Amino acid sequence: MTRTVLNSRKITQRTAFTFLGLATVITVTPVLFIIIYTITKGAGAITWDFLIQFPSQAGREGGILPAIIGTFYLMIGTLVFALPIGVLAGIYLTEYARDNWLTRLINLAIVNLAGVPSIVFGLFGLSVFVLTFHFGLSLLAASLTLAAQALAMVITTSREAILAVPREFREGSLAIGVTKWQTVRHIVLPQAMPGIITGAVLAISRAAGETAPILVVGAAFLLPKLPQSPLDQFMALPYYLYTVATQVPNMPEGTIWGIALVLLIVVLSFDVLAAAIRIKTRQRK
Amino acid sequence: MNIKLNVPDISARPTDKCVTKLKAERVNLYYGSFQCLRNITLDIPSCSITAIIGPSGCGKSSLLRLFNRMNDLIHGVRVEGNVELDGTPIYDPKIDVAELRKRVGMVFQKPNPFPMSVFENVAYGPKRHGIKSRGELEEIVEKSLRHAALWDEVKDKLSQSGLSISGGQQQRLCIARVLAVEPEVILMDEPCSALDPVATLKIEDLMRSLAEDYTIIIVTHNMQQAARVSDTAAFMMMEPDRAGVLVEYGPTAQLFTNPKDKRTEDYITGRFG
Amino acid sequence: MLQQDIAQAAAKVTNKGLRRRLRLGERVIEGWIFLAGMLAIVVLLGIIFILLKEGLPIFANTPPWEFFFGTHWYPVSDPPTFGIAAFFVSTLWVTLISTAVAVPLGVACAAYLSEVAPSKVSETIKPIIEILAGIPSVMMGFIGLALLSPFVQSLFHLNTGLCGLTAAIMLSMMSLPIIVSVSEDAMHAVPKEFKEASYALGATKWETIWHVCIPSALSGITAAIMLGVGRAIGETMTVLMVAGGALAVPASPTDPMTTMTSAIASGIGNAVRGGLQYQALFAVGLILFILTLAVNIIAERVLERQKRKFAR
Ligand SMILES: Nc1ncnc2c1ncn2[C@@H]1O[C@H](COP(=O)(O)OP(=O)(O)OP(=O)(O)O)[C@@H](O)[C@H]1O
Ligand SMILES: [Mg+2]
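Parameters and conventions
- Residues numbered from 1 in each chain as written.
- Chains lettered and ligands numbered in written order.
- Predicted model: local features only at pLDDT ≥ 70, side-chain atom pairs only at ≥ 80, totals over all residues.
- Heavy atoms only, no water.
- Helix = DSSP H or I, 4+ residues; strand = E, 2+ residues; numbered from the N terminus.
- Expected span 1.5 Å × (residues − 1).
- Bend = angle between axes of the 7 residues up to and from the residue.
- Buried < 20%, exposed > 50% of the residue type's maximum accessible area, 1.4 Å probe, protein only.
- Contact = heavy atoms within 4.5 Å.
- Buried area = accessible area lost by both parts, 1.4 Å probe.
- Salt bridge = Lys/Arg side-chain N within 4 Å of Asp/Glu carboxyl O.
- Polar contact = N/O pair within 3.5 Å; in protein donor to acceptor, adjacent residues only side chain to side chain.
- Nonpolar A, V, L, I, M, F, W, Y, C, P; charged D, E, K, R; others polar.
- Domains from an automatic or database assignment.
- Pairing = 2+ DSSP bridges.
- Right-handed = clockwise from strand over helix to strand, strands pointing away.

1. Re helix α7 (residues 137–156) of chain C
Count 3.6 residues to each turn of an α-helix, and residues three or four apart come out pointing the same way.
Residue and element names in this part refer to chain C.
Next, step 1: Taking 1.5 Å per residue as the helical rise, α7 with its 20 residues ought to reach 28 Å, whereas the 25 Å between its terminal C-alpha atoms falls clearly short.
Next, step 2: The axis of α7 is deflected most strongly, by about 45°, at leucine 148, and proline proline 150 appears within four residues downstream.
Next, step 3: If you check which residues of α7 are buried, you get Ser137, Val138, Met139, Met140, Gly141, Phe142, Ile143, Gly144, Leu145, Leu148, Ser149 and Val152.
Next, step 4: One or two residues past the end of α7 sits histidine 157, with phi positive at roughly 50°.

2. Describing the interface of chain A and chain B
Next, step 1: Contact residues are listed per partner, giving 17 residues for chain A and 25 residues for chain B.
Next, step 2: Between chain A and chain B the total buried area reaches about 1,800 Å² when both faces are included, carbon and sulfur atoms providing 64% of it.
Next, step 3: Scanning the region where chain A abuts chain B turns up one salt bridge.
Next, step 4: The shortest N-O distance in the salt bridge between glutamate 171 of chain A and arginine 65 of chain B comes to 3.3 Å.
Next, step 5: Linking chain A with chain B are seven residue pairs in polar contact (both at pLDDT 80 or more).
Next, step 6: At the level of secondary structure, the elements contributing two or more residues to the side of chain A that touches chain B comprise α7 (167–174) and α8 (180–209) of chain A.
Next, step 7: For the side of chain A that touches chain B, the leading source of residues is α7 of chain A, giving six residues.
Next, step 8: Of the residues belonging to the side of chain A that touches chain B, the class tally is six nonpolar, eight polar and three charged.

3. Focus on the pattern of salt bridges
Residue and element names in this part refer to chain B.
Next, step 1: Enumeration over the complete set of coordinates arrives at 37 salt bridges over all chains.
Next, step 2: Among the ionic pairs, arginine 38 bridges to glutamate 239, the shortest N-O distance being 2.6 Å. Here the residue arginine 38 occupies a position in strand β2 (residues 34–45), and glutamate 239 occupies one in the loop between β9 (232–238) and β10 (244–251), the gap between them amounting to 201 residues.
Next, step 3: The exposure class assigned to glutamate 239 is partly exposed, which follows from its relative accessible area of 29%.
Next, step 4: Among the charged side chains, a network of salt bridges with common partners joins Lys21, Asp86, Arg103 and Glu184.

4. Quick word on the domain arrangement of chain C
Residues and elements named next belong to chain C.
Next, step 1: Here chain C is described as being made up of domain 1 (2–60) and domain 2 (66–311).
Next, step 2: Computed over C-alpha atoms, the centres of domain 1 and domain 2 are 42 Å apart.
Next, step 3: On the domain 2 side, the residues contacting the 13 residues of domain 1 number 13 residues.
Next, step 4: Between domain 1 and domain 2 lies a buried interface of about 1,100 Å² when both sides are counted; carbon and sulfur atoms form 81% of it.
Next, step 5: Looking only at domain 1, the three residues that lose the most surface to domain 2 are Leu51, Glu54 and Ile58, adding up to 56% of its buried area.
Next, step 6: Summed over the shared surface of domain 1 and domain 2, the result is one salt bridge.
Next, step 7: Across the pair arginine 273 and glutamate 54 runs a salt bridge whose closest N-O atoms are separated by 3.3 Å.
Next, step 8: Only α2 (24–55) and α3 (58–61) provide two or more residues apiece to the side of domain 1 that touches domain 2.
Next, step 9: If you tally residues by element for the side of domain 1 that touches domain 2, the top one is α2, at nine residues.
Next, step 10: Residues belonging to the side of domain 1 that touches domain 2 are distributed by class as follows: 10 nonpolar, one polar and two charged.

5. A closer look at the pairing of strand β7 (residues 185–189) of chain B
Residues and elements named next belong to chain B.
Next, step 1: Across the five residues of β7, five count as buried, placing the element largely inside the fold.
Next, step 2: With burial as the criterion, each face of β7 is covered, one bearing Val185, Leu187 and Asp189 and the other bearing Ile186 and Met188.
Next, step 3: With four bridges joining them, strand β6 (residues 104–107) and β7 adopt parallel strand pairing. Along β7, the bridge assignment pairs valine 107 with methionine 188.
Next, step 4: Summarising the sheet, β7 and strand β8 (residues 215–219) pair through five bridges and their orientation is parallel. Looking at β8, one finds that methionine 188 is bridged to isoleucine 218.
Next, step 5: Since β7 and β8 lie parallel, the crossover through helix α7 (residues 197–210) that links them has a hand, and here it is right-handed.

Now the structure itself:
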């Protein structure tokens, strides 16, 4: 009698674990499938010419150089605006802010900012940067929009990295008459740097793949030349992929997969870089 | 041997042992609504070692941190009464806390060298205070390390990480780091509690030699240590509401051999809880 | 005596040095630090302000009742009609289905990773799931378009595979990483003593997971679900590319549809600033913002509660 109960419990457990394992397989398989499939379908399209030529025939022939360059500019632009502000804000929250209503309000704003849909950031950027500030449909407006979106993430990761610096280091510096800012500058920031860089890398990887906001603030499908100034219009990889995949008839399938693969490589290589920095600094400690 | 560097105005340095370097008058210290120190009054003589002893939690560290305003870092701290350095009230809003801490340096319980080289650890303070020339920095680092009785042990590893040397060496490195900014007072909060007996003796010797030029205040749990190194001793205790008070204060020899207060006697003879 | 006087006088001289320094450079930098700290609030308030300013005027043209419940979206007919019921229903369908798919999968996967799998296995699988979080949404849209939609079409014998269901399946994949990681954290936070007590009573590992781990982690799992829902509501590109784009109120998930996000994305390019369509799309953005804000605040609250529950 007890034996059968025991057995049935064992069987229940085995069945349950099988389902849990199955769920994990179902979660993981598509990722591997997507990556492997994209590589096999897209690798053939990626040649040197594909990377350094302008598109022709509405993208059916030629390369994707301007889209790559545009995405590169966008990443730089996002970094230039989001990183310093995000780090300074992280410093404010960890080193200067007191535990009061204002600080709680800032934290509330950060949490909620992180959840705002990207398309809403697009509307914000359109109304503020494109129209009100008259930056037009430009690299500058798009960078600012993506930076606004990246802000919450950069602040959060900077804050965590700065918080992880032991208090003893700060005290050792303050105790010999070094001012607060100098302590932050010369002790805290160097220590927090790997964490901050990890956050920044993740943020620009996100910016590289983001499509909805730049669709609203005016990425172009095709342009005859590269942007010459921040106020010029631009092409970008994700928007280019969107357009050729949905709006260009008779687009060679291999080319689309090639574009997708390039985008995937750009985005994921930054993610891998971030992970590598994280692992490296963890080992050093 | 002249061990001081760049002393800008030699006459400004009080030389007589009887001068009062630090003074606390009727000081109350609160953490939020909790009173940690009650009605503390004491004068710390210059160029000597003052030991603060007492049971755990009676507020020794808090009293120590009163003198370089490290308490300011704690949210909700409040200080009443008067604290003076060379006759200047240091809780005056016109006081520059960084300047104060430059003159009243501090060494902590756990050695806390910065995660940089031995050299950079010592050069850090002078650099922040505006010394740029490499030669001058090298000179300061060597003098400070010699002064901290560490030079011979680390002169070949100046570029190694400050965290790679032994615990006792780390603590002396921290002392050298303080010496490098030429303070007048050095506060030490249980500087030997994380060290082995040999390292402890080295630090004690070092303190005695530093006492010729610096005013040193040390918090310690170790009665023998207090008796060995200090010239003056302060005994603190907690009142029933956990506020710390100063029970007895006087020359070390007297406090240990002939205490005036019954509670002091109980404590130093080990009859206390 | 005289010596002491001299010493005291000399000390007074040095103490001039204790006077507060201006340190202008540092004050300026600290000013910037403060401003940067405020920026998160400024941006969030800026977003709210812009959405209200650009979106609210539509209600002068279309009363809220008609706007929310109207089933016709004809922005360029004369006179134009703005009813967003179809978008709202589409968002609802897509979100519900993707959540229904992702939550059981995600929670089961989290339970497997944190309680069942040997640590070697879970350390290998977790980075793979993180990669999923990093795949751009336009890429997921393209995958849905190229690979999933033909499959869905033939499976359900549809006219087109571009429909709400396809979008929902892609979305469920995209919300899986956050659901897995937040649920896993929640299960990790369950104190060991709880589990040990359960084992001590003779419970099997599975019984412990089912009766102890999942119930104790329930608020964390709820937060994970809310975050997944927020992600699904706000996702744009995938839906824009694979949901089909029909403007009618969808009767079933296998109909082509347009969600609130894809309505904005596909319409904003043709909208003139201050025009009615522009206002209407900002109003849709406002509703999206409010929905995701609510979902986020709930998630945050629940997570806080979870943290306090096991705080010691
Ligand atoms: N940051 C703080 N906030 C609130 N209370 C504090 C804080 N720091 C110390 N206290 C309290 O003040 C009292 C004195 O603390 P303090 O660290 O000065 O004692 P101590 O004599 O140095 O003890 P120990 O010998 O253990 O180092 C203790 O009751 C302690 O709990
Ligand atoms: Mg103490």
